[in-house]
There are 2 protein chains.
Amino acid sequence: MKISEGVEWAAHACALLAAVPEGGALSAGAIAAFNDLPKAYMAKHLQALAKAGVVVSVRGAQGGYRLARPPAEISLWDVRRAIEGPGPDFHCANIRLKGPCVAPKPSSGPCAIAHAFWEAERAYQAALGSMTIADVVVQAAREQDAEGLSRIAAWLRAAL
Amino acid sequence: MKISEGVEWAAHACALLAAVPEGGALSAGAIAAFNDLPKAYMAKHLQALAKAGVVVSVRGAQGGYRLARPPAEISLWDVRRAIEGPGPDFHCANIRLKGPCVAPKPSSGPCAIAHAFWEAERAYQAALGSMTIADVVVQAAREQDAEGLSRIAAWLRAAL
DNA sequence: TCATTGCGGACACATAGCATCCGATTTAAA
DNA sequence: TTTAAATCGGATGCTATGTGTCCGCAATGA
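Just so you know, these numbers come straight off a predicted model, no measurement behind them. (Residues numbered from 1 in each chain as written. Chains lettered and ligands numbered in written order. Predicted model: local features only at pLDDT ≥ 70, side-chain atom pairs only at ≥ 80, totals over all residues. Heavy atoms only, no water.)

**Student:** Which residues make up the side chain of A:R80, and what values do they have?
**Tutor:** Within the element layout of this structure, A:R80 appears in helix 4 (residues 76–84). Looking at A:R80, the relative accessible area reads 2%, which means it is buried. Contacts of A:R80, omitting those with residues within four sequence positions, involve A:V7, A:G85, A:D89, A:Y124, A:L128, B:M1 and B:F117. (Helix = DSSP H or I, 4+ residues; strand = E, 2+ residues; numbered from the N terminus. Buried < 20%, exposed > 50% of the residue type's maximum accessible area, 1.4 Å probe, protein only. Contact = heavy atoms within 4.5 Å.)

**Student:** How would you summarise the interface of chain B and chain A if you had to cite specific residues and measurements?
**Tutor:** Taken together, the contacts link 51 residues of chain B with 51 residues of chain A. Together chain B and chain A conceal approximately 4,900 Å² of surface at their shared face, both sides included; 68% is due to carbon and sulfur atoms. Contact with chain A buries area across many residues of chain B, yet B:M1, B:I95 and B:C101 alone supply 17% of it, more than any other trio. Between chain B and chain A we count 2 salt bridges in total. A salt bridge links B:R96 to A:E143, with the nearest nitrogen and oxygen atoms 3.7 Å apart. The interface formed by chain B and chain A holds 8 residue pairs in polar contact (both at pLDDT 80 or more) in total. Counting only elements with at least two residues in the side of chain B that touches chain A, the list comes to helix 1 (5–17), helix 2 (28–34), helix 4 (76–84), helix 5 (112–129), helix 6 (133–142) and helix 7 (146–159) of chain B. Of the residues forming the side of chain B that touches chain A, the biggest block, 10 residues, is contributed by helix 5 of chain B. In the side of chain B that touches chain A, the residues fall into 32 nonpolar, 7 polar and 12 charged. (Buried area = accessible area lost by both parts, 1.4 Å probe. Salt bridge = Lys/Arg side-chain N within 4 Å of Asp/Glu carboxyl O. Polar contact = N/O pair within 3.5 Å; in protein donor to acceptor, adjacent residues only side chain to side chain. Nonpolar A, V, L, I, M, F, W, Y, C, P; charged D, E, K, R; others polar.)

**Student:** How would you explain the packing of helix 3 (residues 39–51) of chain B against helix 4 of chain B if you had to name every residue and give the values?
**Tutor:** Residues and elements named next belong to chain B. The N-to-C vectors of helix 3 and helix 4 enclose an angle of 115°; their axes lie 8 Å apart at closest approach. In terms of orientation, helix 3 and helix 4 fall into the roughly perpendicular class. Regarding helix 3 and helix 4, the two cross each other, and that crossing is right-handed. Between helix 3 and helix 4, the contacting residues are H45, A48 and L49 on the first element and V79, A82 and I83 on the second. Its residues assigned to classes, the contact of helix 3 with helix 4 comprises 5 nonpolar, 1 polar and no charged. (Axes fitted to C-alpha atoms, helices over the stretch in contact; angles between N-to-C directions. Parallel < 35°, antiparallel > 145°, perpendicular 65-115°, else oblique. Left-handed = near helix turned anticlockwise from the far one by under 90°.)

**Student:** Now, about the nonpolar core: what can you tell me, with residues and values included?
**Tutor:** One finds A:L49, A:L76, A:F117, B:L49, B:L76 and B:F117 to be the most contacted residues of the largest nonpolar core, which totals 100 residues. Residues in contact with A:F117, not counting those within four places in the same chain, are A:F90, B:I3, B:V7, B:L76, B:R80, B:Y124 and B:L128. (Core = buried A, V, L, I, M, F, W, Y, C linked by side-chain atoms within 4.5 Å.)

**Student:** Outline the pattern of salt bridges, listing residues and values.
**Tutor:** Across all of its chains, the model carries 12 salt bridges over all chains by this definition. Measuring nitrogen to oxygen at the nearest pair gives 3.3 Å for the salt bridge that ties A:R69 to A:D78. By relative accessible area, which is 14% here, A:D78 ends up buried. Between B:D78 and B:R81 there is a salt bridge, and its shortest N-O distance comes to 3.1 Å. Of this pair, B:D78 and B:R81 are both found in helix 4, 3 residues apart, which corresponds to roughly one turn of the helix.

**Student:** A description of unusual backbone geometry should follow, citing residues and the corresponding values.
**Tutor:** All names here are of chain B. Residues other than glycine seldom take positive phi values, yet D36 does so here, at roughly 55°. Secondary-structure assignment places D36 in the loop between helix 2 and helix 3. The residue Q62 is not glycine, and still its phi comes out positive at about 65°. Owing to a relative accessible area of 69%, Q62 belongs among the exposed residues under this scheme.

**Student:** Give a detailed account of the protein's contact with DNA strand C, specifying residues and quantitative values.
**Tutor:** Lining the immediate environment of DNA strand C, one finds 24 residues, of which A:A28, A:K44, A:S57, A:Y65 and B:P38 sit closest. Backbone sugar and phosphate groups make up 62% of those atoms of DNA strand C lying within 4 Å of the protein. Side-chain polar atom of A:R59 to a base nitrogen of DNA strand C: 3.0 Å apart, as the coordinates give it. Within the contact set of DNA strand C, a base oxygen lies 3.4 Å away from a backbone nitrogen or oxygen of B:G60. Elements represented by at least two residues in the surface near DNA strand C include exactly helix 3 (39–51), strand 1 (55–58) and strand 2 (64–67) of chain A together with helix 1 and helix 3 of chain B. Residue classes in the surface near DNA strand C are distributed as 9 nonpolar, 10 polar and 5 charged. (Near = heavy atom within 4 Å.)

Structure, rendered in structure tokens:
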């Protein structure tokens, strides 16, 4: 199992979008350039975020993307689900219903193994759900000195 | 993200191996036949379980596999790690260190996003680690009537 | 009107998982 | 001692998914 790199891109994109002022919008090209990522593919992920309701898109000239909700109301789980899709990671193929020892009237429904994995996924989801874009931004800002913050602010002013 | 089907196969294989008596061994062919799975590929997964120390292999005629520890001491996390490999699912590409706004002396190390995902993975691991093969066997047995249990016992006697 | 931007589909490529086959080795049974 | 049964490891091919690009279309502000 491996988490697609697009989730990381989308999370950083949301962290950047948290810095755009009310009513503004950042184009896909600008978002991609901020982290030196390919624009075309970043645009794909932004479209997925928009479809999932994490960001809103503004079409036309001077358009782009902005967060759909305050950063404190967007969790990393929202981002992950937007990119990797909903639905469980573990898929029960019901292999216990095959083979020479299966009962004539098999009790359908997922087996104990599937339930255990889905329970673990719930724990995973809960942990990611408690981490918001606002938390990420706070921690990221803590790692920047005043000069770094002003450099980012200047870049953002130029990109808007 | 998707969990490979081999994890499910391996978990069911361990549940079956929990029923082999002390000193016995079940061949890869028999394990595959029990759930109507391709023998060659099931064998690959059993080799992975053996290499991870979840099962022990017995080579030669009348050989096969048995659990390396009591079922209560083998968790579903052990099985998942044996098949999918160790290491985190989320890989931090450190994309915050790229782009036009990166500081001259960047503070290396994973970002807050990576830490959040790894924390969630720890929760996932803890949940899976608390579910053992013994638990799975108990729940699976609960779904079988007496006739089903005796049919499985008879099949196992013939396969040993 | 025109340039800018998102939207959606089509396409190519790389990687990982799925599945099979083969020869070599080990070991119990004939 | 021979034979059959079984694991081990590597090589191979197929498929699905993720990565990345490109194009035409639609929308929108200048």
